Amino acid sequence: MASAQEAPDYSQRNNIYSSTGLTPVPHARFMNASAFREYKKCLAQQEGQSCQKYEFTAPYSLDSETLKVATKLRAAWQRLEDRYYWRAMTRLNNPAMVLTHCYMDWSSGQDKTQPAHFTLNVDSSMYPKELAGKIPEQQPDDRMWLDSYSLLPQVPNKDYCEGLNMDWTPMYLPGTCVYLAGVRLFCIEGSKASLNPLAPKPIGFREDLAAERVRKAIEEAHSTYLREYAQDVTRALLPNGRFSPLPWTGMNTAIVAPTMTLKPDLTFLKDKAQEAGNSLGGVFRGTAYPYYLQGLSGPSLALRAHLLPKMNDVLGLPNPPGVWKLEEFKRRFPLNNPAMYERFGYTSLFQAWNEVTPRLLPERASDKPRRQMIYMAAGGNVYLPNLVPVPVPAPMLLPEFAAGLPYTGPQSRFTWVSVGEGYEVPRVNGVPAGYGAITK
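Report follows, based on the coordinates. Quantities reported herein were computed from a predicted structural model and do not represent experimental measurements.

## Some points on the side chain of Thr-20
Secondary-structure assignment places Thr-20 in strand β1 (residues 15-21). Its relative accessible area of 6% is what places Thr-20 among the buried residues. For Thr-20, the side chain forms a polar contact with the side chain of Tyr-17, separated by 2.6 Å. Engagement of the side chain of Thr-20 in a polar contact is seen with the side chain of Tyr-60, the distance being 2.7 Å. Non-local contacts of Thr-20, meaning those with residues more than four positions away in its chain, are made with His-27, Ala-28, Arg-29, Tyr-60, Pro-338, Tyr-341, Glu-342, Tyr-346, Thr-347 and Glu-421.

## Notes on empty space enclosed by the protein
Summed over all chains, the structure comprises one cavity of 30 Å³ or more. The space that makes up the largest cavity amounts to roughly 40 Å³. Considering the residues around the largest cavity, the lining is formed by Glu-81, Tyr-84, Tyr-85, Tyr-149, Leu-361, Pro-362, Arg-371 and Leu-405. Of the residues belonging to the lining of the largest cavity, the class tally is six nonpolar, no polar and two charged.

## Points about the sheet that holds strand β6 (residues 176-180)
The strand order across the open sheet built from four strands is β7-β6-β13-β14, with neighbouring strands paired in mixed fashion. In this open sheet, the two edge strands, each paired with only one partner strand, are β7 (183-188) and β14 (390-393). The sheet shows a mean angle of 30 degrees between the axes of neighbouring strands, taken without regard to direction. Where β6 lies against strand β13 (residues 378-384), five bridges are found, and the strand directions are parallel. Paired with Cys-177 across the two strands is Asn-381, which belongs to β13.

## Focus on the state of the cysteines
Summed over the entire model, instances satisfying the criterion amount to two disulfides. In this model Cys-102 forms its disulfide with Cys-161; the gap between the sulfur atoms is 2.1 Å. The sign of the S-S torsion, about -85 degrees, decides the handedness of the disulfide formed by Cys-102 and Cys-161: left-handed. A residue pair is termed long-range when its members are at least 10 positions apart, and Cys-102 in helix α3 (residues 96-102) and Cys-161 in helix α4 (residues 158-161) qualify at 59 residues. A sulfur-sulfur separation of 2.0 Å characterises the disulfide bridge that pairs Cys-177 with Cys-187. A torsion of 110 degrees about the S-S bond marks the disulfide between Cys-177 and Cys-187 as right-handed.

## Quick look at the packing of helix α6 (residues 268-280) against helix α7 (residues 284-293)
A pair of packed helices can be characterised by two numbers: the angle between their axes and the separation between those axes. Where α6 contacts α7, the two axes come as close as 8 Å, and the packing angle between them is 145 degrees. Seen from above, α6 lies across α7 with right-handed handedness. Across the interface between the two elements, Leu-269, Lys-270, Ala-273, Ala-276, Gly-277, Asn-278 and Leu-280 from α6 touch Phe-284, Arg-285, Ala-288, Tyr-289, Tyr-292 and Leu-293 from α7. Taken together, the residues that form the contact of α6 with α7 break down as nine nonpolar, two polar and two charged.

## Examining the packing of aromatic side chains
The tally for this structure, following the rule as stated, stands at 26 aromatic pairs. A centroid spacing of 5.5 Å and a plane angle of 25 degrees characterise the contact between Tyr-60 and Tyr-341, whose relative ring orientation is stacked. Remark: Tyr-341 occurs in helix α10 (residues 338-344) and Tyr-60 occurs in the loop between β3 (55-59) and β4 (61-62); sequence separation between them is 281 residues. The buried category is assigned to Tyr-60, whose relative accessible area is 8%. By relative accessible area, which is 0% here, Tyr-341 ends up buried. Between Phe-333 and Tyr-346 the ring centres are 5.1 Å apart and the planes differ by 90 degrees, which places this aromatic pair in the edge-to-face class. Here Phe-333, found in the loop between α9 (324-328) and α10, pairs with Tyr-346, found in strand β10 (residues 346-355); they are 13 residues apart in sequence, far enough to count as distant. Judged by relative accessible area, which is 0%, Phe-333 ranks as buried. Each member of the aromatic cluster is reached from another via a ring pair, and the members are Tyr-60, Phe-268, Tyr-291, Tyr-292, Phe-333, Tyr-341, Phe-344 and Tyr-346. The lysine or arginine in question, Arg-83, covers the ring of Tyr-225, its NZ or CZ lying 3.9 Å from the ring centre.

## Quick word on the nonpolar core
Judged by nonpolar contacts, the single largest core of 98 residues is most densely connected at Leu-73, Val-214, Tyr-292, Leu-326, Phe-350, Met-373 and Leu-405. Among all residues touching Tyr-292, those that are not within four sequence positions of it are Leu-269, Ala-273, Ala-276, Leu-326, Phe-329, Lys-330, Phe-333 and Phe-344.

## Topic: helix α1 (residues 33-46)
Spanning 14 residues, α1 covers 20 Å between terminal C-alpha atoms, matching the ideal 20 Å at 1.5 Å per step. Of the residues making up α1, those classed as buried are Ala-33, Ala-35, Phe-36 and Cys-42. Buried positions along α1 lie against β2 (27-32).

Each value, and the rule that gives it
Residues numbered from 1 in each chain as written. Predicted model: local features only at pLDDT ≥ 70, side-chain atom pairs only at ≥ 80, totals over all residues. Heavy atoms only, no water. Helix = DSSP H or I, 4+ residues; strand = E, 2+ residues; numbered from the N terminus. Buried < 20%, exposed > 50% of the residue type's maximum accessible area, 1.4 Å probe, protein only. Polar contact = N/O pair within 3.5 Å; in protein donor to acceptor, adjacent residues only side chain to side chain. Contact = heavy atoms within 4.5 Å. 1 Å grid on protein atoms, 1.4 Å probe; cavity = no way out; pocket = protein on both sides within 12 Å on 5 of 7 lines; lining within 4 Å. Points joined across faces, edges and corners; volume = space filled by probe spheres on them. Nonpolar A, V, L, I, M, F, W, Y, C, P; charged D, E, K, R; others polar. Pairing = 2+ DSSP bridges. Axes fitted to C-alpha atoms, helices over the stretch in contact; angles between N-to-C directions. Disulfide = S-S within 2.5 Å. Left-handed = near helix turned anticlockwise from the far one by under 90°. Phe/Tyr/Trp six-rings, centres within 6.5 Å; stacked < 30°, edge-to-face > 60°. Lys NZ or Arg CZ within 6 Å of the ring centre and 35° of its normal. Core = buried A, V, L, I, M, F, W, Y, C linked by side-chain atoms within 4.5 Å. Expected span 1.5 Å × (residues − 1).

Shown next, in the form of structure tokens:
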């Protein structure tokens, strides 16, 4: 058994998963340590008058409902990313693409977002440094990109054409090459090549004006489109009878929804116990499975009382309950039924939060070639003795945006996490401000 000196300092715990209740409806309880401290101070000073609450509850949402919410969050992002690109392309190629895309809808019909899938997120920020490298990590896998980057818009043209008027400012003066019997005689052209080596180089191309048009579209995306993206996200996260999230009042904090399955699952227990024993090593190789099995006979003192007392924390308890290494390993436990949560002293939560990280869209390198900023120009080849020029595509790439379109606004991420009783809920701060009943 690990010694008391090995136990980490848990005194800074603040938002804690407390327990699971099965009646009147399945719900998870959360305790806020700061609010509890203020509550005790209030009781001492005001002699039992109304004091701030410190324990909060939220009903469980079905796993299928959290999947639907996650899919809506993916759809919201995909709408933003696709309309952003096509706004920039249409503005860059004004007036040609205003005529071809704003008066005709070329949406591909592929705007049906592929469903989200469950991924249990575990990373090193969730557990003490003493367990670094011991608990296998899994980053959120919410696939915040388009399901496919096609040559046609996925969103309808009303999503990216609003407010675009015709702009006839000259931007491009085509070059011309003259051929005789397949041999190039001469060209009247400039020095900057297009993406088509068979086309004459343009005599002139206002790259500065082209870049300015794209920058204008970037501004529009970060104002109008960003605001509408936030509205789409808000609609996706609205509570209803099947999805009951619990928000926190802190800045940049997650919305949390306790998540359950209908069918109880015990098949995971042996594998997770073996994984914990092998990862932690030593005595845990033989004790992890019996320790977790205690849940089968009902709530156990071993799951409710700390075996390695160190010092009382703000809750007046000797650190979190149970053997802390094995309890922290419950972050690897899967979604389950509330009856199993109550028995085994853990719960699973759906989380959604805003992440503000400057990025270049699309983010994956494999998708960037299909999302370049290109001015769709054309040159002319003359094939003697015919004197009529034959148009030849001469698309002009804007190097300034070759790595992608910049995006500096928030992106709404999501994942699922598990947490043991008495342990910190990740990605939340402040005080819960939920839709569930306040119990204390």
